[in-house]
Structures are given as structure tokens and as C-alpha cells.
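# Topology and contacts: notes
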Amino acid sequence: MNKSWSDNGVANFVQILSQVAQKYGTRIIKVNPRGTSQYCSGCLNRVSKTLSERWHYCDVCTLSCDRDYNSAVLIKKLAVGSSQDKKLPSLAVLL
Ligand SMILES: [Zn+2]
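Computed from a prediction, not measured in an experiment: that's the story for all the values here. (Residues numbered from 1 in each chain as written. Predicted model: local features only at pLDDT ≥ 70, side-chain atom pairs only at ≥ 80, totals over all residues.)

### Considering the overall build of the protein chain
Counting its secondary structure elements, the protein chain contains three helices and two strands. Along the protein chain, helices and strands appear, N-terminal first, in the series α-β-β-α-α. Per-residue burial for the protein chain yields a buried fraction of 9% across its 95 residues. Across the protein chain, contacts joining residues at least 24 apart in sequence account for 37% of those joining residues at least 6 apart. (Helix = DSSP H or I, 4+ residues; strand = E, 2+ residues; numbered from the N terminus. Buried ≥ 20, exposed ≤ 12 C-beta atoms within 10 Å, placed from the backbone. Contact = placed C-beta atoms within 7 Å.)

Structure (C-alpha cells):
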């Protein structure tokens, strides 16, 4: 797929999503997902894994789940944390 089409598609989706959120009195929070698969969503421990490793297991808190689920939970925590001014570090700080 042409990259600019893909970028335009994502930009259009975010714009539409923002408009819908505004209509319903809420907002969207963009979170950079980069590196989220390398951290535990339960305790923020770094759990390095290759792309072929599809399962997340944390030795520190024993969280065991699908790698994508772990990333999704962490992304949600990053978004909610940023919207509630919690002390959750950004991945930019962790990386
Ligand atoms: Zn953990």
C-alpha cells in the first residue's frame, strides 16, 4: 500500500474520531504505541521480546497474557494516566 495513502487514511480516521468525540463531549488522546510490547502493563517492568514471541510473561508481577493485549492495556494506562495527570511515566522516559 502506498505510505501516503496509509498516512492519509490514519489522519482522516483521527480527524473523524475527534469530531465524533467532540460531538459527544469527550476527546481522544493519541498515544504512541512504540515500545509498548516491551513493557509489562501490570508493573511497567521491561520485558524484552522478539516479534515472534506472542506471549507476555512478567517475572516481577507474574502477569501472563497475549502480547497484543498487554500492549493495549498499557496504551490505555498511558492515555488515562496522561488525562488524569497521574505519575505514570511516558514510554519516552522508559525507553
Ligand atoms: Zn509485571
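Moving on from the model shown.
### Examining the nonpolar core
Tyr39, Cys40, Val47, Leu74 and Leu78 form the largest nonpolar core, which has five residues in total. If near-sequence neighbours (up to four positions away) are discounted, cysteine 40 is found in contact with Asn45, Val47, Cys58, Val60, Cys61, Leu63 and Asn70. (Core = buried A, V, L, I, M, F, W, Y, C linked by C-beta atoms within 7 Å.)

### Examining unusual backbone geometry
Backbone geometry at leucine 44 places phi at a positive 65°, although glycine is not the residue there. With respect to the secondary-structure elements, leucine 44 resides in the loop between helix 1 (3–23) and strand 1 (55–57). Residue threonine 62 is not a glycine yet carries a positive backbone phi of 65°. On the secondary structure map, threonine 62 appears in the loop between strand 1 and strand 2 (64–66). On the neighbour-count criterion, threonine 62 (10 C-beta atoms within 10 Å) is exposed.

### A few points about the environment of serine 41
Positionally, serine 41 belongs in the loop between helix 1 and strand 1. Sequence separation between serine 41 and serine 71 is 30 residues; the distance between their C-alpha atoms is 7.0 Å. The residues touching serine 41, leaving out its near neighbours within four places in the chain, are Leu63, Asn70, Val73, Leu74 and Lys77.

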